[in-house]
Amino acid sequence: MRDGAGVRILGLDPGLRATGFGVLDRQGPRLAHVASGCVRPTGTDLPERLKSLFEGVAEVIAAWQPAQVAVEKVFVNVNPQSTLLLGQARGAVICAAVTHALPVAEYTALQVKQAVVGNGHADKVQVQHMVQRLLTLTRAPGADAADALACAICHAHGGQGLGALATTGLRMRRGRIVMAQS
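Just so you know, these numbers come straight off a predicted model, no measurement behind them.

Non-glycine residue Gln 65 carries a positive phi angle of around 45 degrees. Structurally, Gln 65 is set in the loop between helix H1 (46-64) and strand S4 (68-72). Since its relative accessible area comes to 42%, Gln 65 is described here as partly exposed.

Written as structure tokens, this is what we have:
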């Protein structure tokens, strides 16, 4: 958004097979869908795929010119190798954002689901449905794009740097924000 009245947010859901992206404009309390989709890295070995992922996210940034980026944090899988690979994909997308001098906010899947669905343990279909409703889309976006849009929505509704929620004295418990006990 170039008029200064709002902010354009890029949400990213990193993955080595597909990285979802979602771009939305926030103007006051209103959110408007701008674009969404997936960056699908090419190449056979990990370094090639990470380079392709970095370049793909850089292209999305150049095309849509967001002012802020929200990225989903890695959760620890049962398989540590999968967690490490996902962490490397996150590193590539974060590097693409900071290379373009964009601020990056990070949110856990629980925080994103809580902000969008109201339940930190919501499934992918529930997230897709709520993203469709919140952004008044004619159809639900694909799972990766919906997760990325949900991350952007989470950021827009009180994330770091946009009328941030006061978090002193709060913590997450079972996917909900609760008062911390002394």
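Attention now goes to the packing of H1 against helix H2 (residues 80-99). Look at H1 against H2: their axes get within 9 Å of each other, and the N-to-C directions meet at 35 degrees. Helix-helix and strand crossings are classified by hand; for H1 and H2 the assignment is right-handed. In this structure, H1 uses Leu 46, Leu 50, Leu 53, Phe 54, Val 57, Ala 58 and Ile 61 to contact H2, whose residues at the interface are Leu 85, Gln 88, Ala 89, Ala 92, Val 93, Cys 95, Ala 96, Ala 97 and Thr 99. Across the contact of H1 with H2, the residue classes break down as 14 nonpolar, 2 polar and no charged.

For the rest of this paragraph, the subject is the side chain of Arg 49. Inspection of the secondary structure puts Arg 49 in helix H1. Engagement of the side chain of Arg 49 in a polar contact is seen with the backbone oxygen of Leu 16, the distance being 2.6 Å. Within polar-contact distance, the side chain of Arg 49 engages the backbone oxygen of Gly 43 at 3.2 Å.

Right, let's talk about the environment of Val 39 for a bit. With respect to the helices and strands, the residue Val 39 is situated in strand S3 (residues 30-39). Exposure remark for Val 39: the relative accessible area of 9% places this residue in the buried category. Each C-alpha atom, one on Val 39 and one on Phe 21, is 7.4 Å from the other, the two residues being 18 residues apart in sequence. In contact with Val 39, other than residues within four places in its own chain, are Arg 17, Ala 18, Thr 19, Phe 21, Leu 53, Gly 56, Val 57 and Val 60.

Calculation criteria
Residues numbered from 1 in each chain as written. Predicted model: local features only at pLDDT ≥ 70, side-chain atom pairs only at ≥ 80, totals over all residues. Heavy atoms only, no water. Helix = DSSP H or I, 4+ residues; strand = E, 2+ residues; numbered from the N terminus. Buried < 20%, exposed > 50% of the residue type's maximum accessible area, 1.4 Å probe, protein only. Axes fitted to C-alpha atoms, helices over the stretch in contact; angles between N-to-C directions. Left-handed = near helix turned anticlockwise from the far one by under 90°. Contact = heavy atoms within 4.5 Å. Nonpolar A, V, L, I, M, F, W, Y, C, P; charged D, E, K, R; others polar. Polar contact = N/O pair within 3.5 Å; in protein donor to acceptor, adjacent residues only side chain to side chain.

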